[in-house]
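Summary of structural features
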Amino acid sequence: MSFPHGFLWGASTAAHQVEGNNTTSDWWAREHGRLENSARVSEPSGDAADSYHRYPDDMRLLRDAGLTSYRFSLEWARIEPERGFVSRAQLDHYRRMIDTARDLGLTPMVTLHHFTNPLWFAQEIGWGNPLSVDAFARFTQTVLPILTDVELVCTINEPNMVATIMADSNNSFSGTGLPPGDPTITEHLISAHQFSVAILRSAGKKAGWSIATQDFQGEPGFEQAAEDFGRSREDVFLDASSGDDWVGIQAYTRTRIGADGPVPLAPDVETTLTGWEYYPKALEDGIRRSWERNGTPIYVTENGMATADDARRIDYTRGALEGVSRAMADGIDVRGYLHWSLLDNYEWGSYAPTFGLIGWDRETFERHPKPSLGWLGEVARRNGLGN
């Protein structure tokens, strides 16, 4: 199973989940009980993996393994910690990250918004306010000068999850139990994305956003119920990707829908550390659904498994990539695969779910590459799965 020349192979991270001490963000306030009506978390992010300082080593490990691309996010809360105040030092920091990636021969994919907001934005505006659209457009303009030689830019990560989480602030990123997407927030996210894409394209960037495809499958007789369930939680965002330069697909598991919504997993079903069903085919299903709805070129911007069994992570990733290959054989335009995640990270309330190709010591921050990193790097070097 070979992949075309120029296919991107890489891994992804998100700033808040790996950098540490993102103290001016709404998630930091949530973790410390200072954000109104927010659910409690098991533990705060704290220093995280200290990738804010150790990113050169992290990128080097990725490159040395044989991977060719790194997706990371800019932290809006660091760049604009107070409304209207822009930190030149933080812009320089993220520019150095871009330079480091390019110096190592990695193609950077930069995400502008990966779940976290500046605390001032959450308290004074929020995505339910139409002013959010202008605020995000201004942020896009603010960071544009440091993106001079970045081709691939993701505006908003998983806006469908943002719209559902914001509909019920007591929810976490749990997937199947999410409420319908808030229609007002959905409207503002789509508008913010479209304005951001226009700004980025004016500077020659290839822009898109990434969608969490959740593979809603109807039980026999409930196929229409599955379609209805997925409309506000996924499809409206896939449809909004029509005409973009690319769309990111992020898939982990499937969601079976019955008479009362999501069907609980049977006791004998294999699950991951997040409690999700082990289902590698979810990625292929997400790719096919996106292609059918919008025909936009695809990057897999996240796919992986939370597990302490790294051999099982390799099995999962192989199964997912086999699905990518089948989709491409049917003519679907998939241009890259970026694994979630490069590092074990803060999974929005806990460090227990380990998704990383690289582990690390929470006392010393020493990195411990896992066999899965070397395995995926060999896939990248061969540009194919082999036997």
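Residues numbered from 1 in each chain as written. Predicted model: local features only at pLDDT ≥ 70, side-chain atom pairs only at ≥ 80, totals over all residues. Heavy atoms only, no water.

For the protein chain, the name recorded in an unreviewed UniProt entry is beta-glucosidase, with Glaciihabitans arcticus as its organism. What the UniProt record of the protein chain gives under Sequence similarities (unreviewed entry) is the line "Belongs to the glycosyl hydrolase 1 family." (UniProt positions renumbered as here; feature names shortened; annotations may be inferred.)

Counting 96 residues, the largest nonpolar core has Trp9, Leu112, Leu147 and Ile287 as its most contacted members. Among the elements that make up this core, the one with the highest residue count is helix α9 (residues 183-202) (seven residues). (Core = buried A, V, L, I, M, F, W, Y, C linked by side-chain atoms within 4.5 Å. Buried < 20%, exposed > 50% of the residue type's maximum accessible area, 1.4 Å probe, protein only. Helix = DSSP H or I, 4+ residues; strand = E, 2+ residues; numbered from the N terminus.)

The next subject is empty space enclosed by the protein. If you walk through the whole model with that rule in mind, you get three cavities of 30 Å³ or more. Quantified by volume, the largest cavity comes out at close to 50 Å³. Residue lining of the largest cavity: Thr13, Ala14, Ala15, Val18, Glu19, Ser51, Tyr52, Tyr70, Phe72, Ser73 and Met97, and that is the complete set. Elements with a minimum of two residues in the lining of the largest cavity: α1 (15-18), α3 (51-65) and β2 (69-73). Top contributing element to the lining of the largest cavity by residue count: β2, with three residues. (1 Å grid on protein atoms, 1.4 Å probe; cavity = no way out; pocket = protein on both sides within 12 Å on 5 of 7 lines; lining within 4 Å. Points joined across faces, edges and corners; volume = space filled by probe spheres on them.)

Relative to the helices and strands, Ser51 is located in helix α3. Classification of Ser51 by relative accessible area gives buried; the value is 4%. Of note is the side chain of Ser51, whose polar atom sits 2.7 Å from the side chain of Asp58. Filtering out sequence-adjacent residues up to four positions away, Ser51 remains in contact with Val18, Glu19, Asp58, Leu343 and Arg367. (Polar contact = N/O pair within 3.5 Å; in protein donor to acceptor, adjacent residues only side chain to side chain. Contact = heavy atoms within 4.5 Å.)

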